[in-house]
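Fold and contact review
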Amino acid sequence: MTLFSESKYLKDLCDITFSSYEHGWDERNGGNVSIRLTEDDLSDFDDVSETKREYDLGFDASAVSGQYFLVTGSGRYFRNVIKRPELDAGLVRISDDGSKAELRWGFEDGAHPTSEFPTHLMSHIERLKADSSQRVVMHCHPTNFVALSFTQDLDERSISRLLWKMQAESLVVFPEGIGIIPYMTPGTNEIGKATAAKMADYRVVMWPHHGIFAVGSDPDETYGLIETVEKAALIYSQICAQGGSVKQEITDEQLHELADAFGVTGNPEFLDWNK
Ligand code: 2HA
Ligand code: ZN
């Protein structure tokens, strides 16, 4: 068996998958993560020159051909990645023609990349157009955020505003708001395309009655983004549990002040008051 790699990104993958599991966001095999690695990052792995197995991607990923992705395995549990990363995670290279993923490290007992790998790759491709530093895509099932998709209209403006107003942190961390796709069957190219289309404008996308997709430039930032969104949703749940009547709230004027103070631009379509 290959020895545990020295890769910082593999350690980060272990860390965020286990933390996400401990939060209760990854029952059974729920959740998946992919991290795009550069050539420099590869030296932390044992030899990655040989293709051990190939997987058909089922769509044209030539926009990222030749790129390497560390990814969690299909059917594998976030609870376990930290204990057995060489079984539950794999390092794949996208083939030159963009049709296959070539396994270069990991998945040592025969695992495949996550069933959501098309959504991950399509999201990486879209985010790379917006910001070449983006390299992490994470999916999980944050309880309170998923609950919102039952009690609220599936409207990007109203859900973004609700979450912004639950804590001062929200607008600063996700000033563009939350993208939402309709409910769709997971693991399909269709949900991948719909998610990636939202990723043109948002770093967080709600999958109603299922979970969240978030992107970022490193594992901590991406994980922190999900934590912040879920914390806002948790505060909303607690408000409802305390009877639901709100005596005071963060106003739109205060949202503008927050944006100014932290040097971010709140989505102008979601703010009621414009200077
Ligand atoms: O990886 O969460 O959406 C298991 C899932 C599928
Ligand atoms: Zn899921």
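Residues numbered from 1 in each chain as written. Chains lettered and ligands numbered in written order. Predicted model: local features only at pLDDT ≥ 70, side-chain atom pairs only at ≥ 80, totals over all residues. Heavy atoms only, no water.

The name given to the protein in an unreviewed UniProt entry is Rhamnulose-1-phosphate aldolase, and the organism recorded there is Ligilactobacillus ruminis. Its UniProt record gives the protein the following Sequence similarities (unreviewed entry) comment, quoted word for word: "Belongs to the aldolase class II family. RhaD subfamily." In its Function (unreviewed entry) section, the UniProt record describing the protein reads: "Catalyzes the reversible cleavage of L-rhamnulose-1-phosphate to dihydroxyacetone phosphate (DHAP) and L-lactaldehyde." (UniProt positions renumbered as here; feature names shortened; annotations may be inferred.)

1. So, the overall build of the protein
Each helix and strand counted, the protein has 11 helices and 9 strands in total. Compactness check: the protein gives a C-alpha radius of gyration of 19 Å against a globular reference of 19 Å for 275 residues, within 12% of the reference. Overall size of the protein, expressed as C-alpha extent along the three principal axes, is 60 × 35 × 35 Å. Per-residue burial over the protein gives 54% buried out of 275 residues. (Helix = DSSP H or I, 4+ residues; strand = E, 2+ residues; numbered from the N terminus. Rg over C-alpha atoms; globule rule 2.2 N^0.38 Å. Buried < 20%, exposed > 50% of the residue type's maximum accessible area, 1.4 Å probe, protein only.)

2. Some details on the packing of aromatic side chains
What describes a pair of aromatic rings is the distance from one ring centre to the other and the angle between the planes of the rings. This model, assessed by the stated rule, comprises 8 aromatic pairs. The interplanar angle of 40° and the centroid separation of 6.0 Å between the aromatic rings of W25 and Y223 together place this pair among those described as tilted. One end of the pair, W25, is in the loop between α1 (8-23) and β1 (32-37); the other, Y223, is in helix α10 (residues 219-241), with 198 residues separating them in the sequence. The exposure class of Y223 is buried, given its relative accessible area of 8%. Aromatic pair Y202 and F270: ring centres 6.5 Å apart, planes at 15°, arrangement stacked. Here the residue Y202 occupies a position in the loop between α9 (189-199) and β8 (204-207), and F270 occupies one in the segment after α11 (252-262), the gap between them amounting to 68 residues. Judged by its relative accessible area of 8%, Y202 falls in the buried class. One aromatic cluster is present, built from ring pairs that chain together W164, Y202 and F270. The ring of Y9 carries K8 above its face, with NZ or CZ at 4.8 Å from the centroid. (Phe/Tyr/Trp six-rings, centres within 6.5 Å; stacked < 30°, edge-to-face > 60°. Lys NZ or Arg CZ within 6 Å of the ring centre and 35° of its normal.)

3. A word on the UniProt feature "binding site: Zn(2+)" (unreviewed entry) in the protein
Taking the numbering used here, the UniProt-annotated feature "binding site: Zn(2+)" (unreviewed entry) corresponds to H139, H141 and H210. For this annotated set, covering 72 residues, all C-alpha atoms fall within 10.0 Å of each other, a compact arrangement in space. The residue H139 is located in strand β6 (residues 136-140) in this model. With relative accessibility at 1%, the residue H139 sits in the buried group. Setting aside anything within four residues of it in sequence, one finds H139 in contact with D26, G31, N32, F78, H120, W207, H210, G211, I212 and F213. Of note, H141 is situated in the loop between β6 and α6 (143-151). If we skip the residues at most four places from it in the chain, H141 touches G24, W25, D26, E27, G30, G31, V146, H210 and G211. (Contact = heavy atoms within 4.5 Å.)

4. Some remarks on the coordination of the zinc ion (ligand 2)
Around the zinc ion (ligand 2), the protein contributes the donor atoms H139 (NE2), H141 (NE2) and H210 (NE2), at 2.0 to 2.1 Å from the metal centre. Donor residues binding the zinc ion (ligand 2) come from one chain and are separated in sequence as H-x1-H-x68-H. Of the two residues, H139 is situated in strand β6 and H210 in the loop between β8 and β9 (211-216); the sequence distance between them amounts to 71 residues. A relative accessible area of 18% places H210 in the buried class. (Donors = N, O, S within 2.8 Å, 3.2 Å for Na, K, Ca; no water.)

5. Things to note about the UniProt feature "active site" (unreviewed entry) in the protein
Those places that UniProt annotates as "active site" (unreviewed entry) correspond, in this numbering, to E116. Tracing the sequence through the fold places E116 in the loop between β5 (100-106) and α5 (117-130). Setting aside anything within four residues of it in sequence, one finds E116 in contact with N32, P186, G187, I191, W207, H210 and F213.

6. Remarks on the pairing of β6
The buried fraction of β6 amounts to 5 of the 5 residues, a majority that puts the element mostly inside the structure. Going residue by residue along β6, you find V136, M138 and C140 tucked away on one face and V137 and H139 tucked away on the opposite face as well. Judged from the 4 bridges that link them, β1 and β6 form a sheet pairing that is antiparallel. In the strand pairing of β6, V33 is matched with M138. Looking at chain direction, β6 and β9 are connected through 5 bridges and run antiparallel. The residue bridging V137 from the neighbouring strand is V215, located in β9. (Pairing = 2+ DSSP bridges.)

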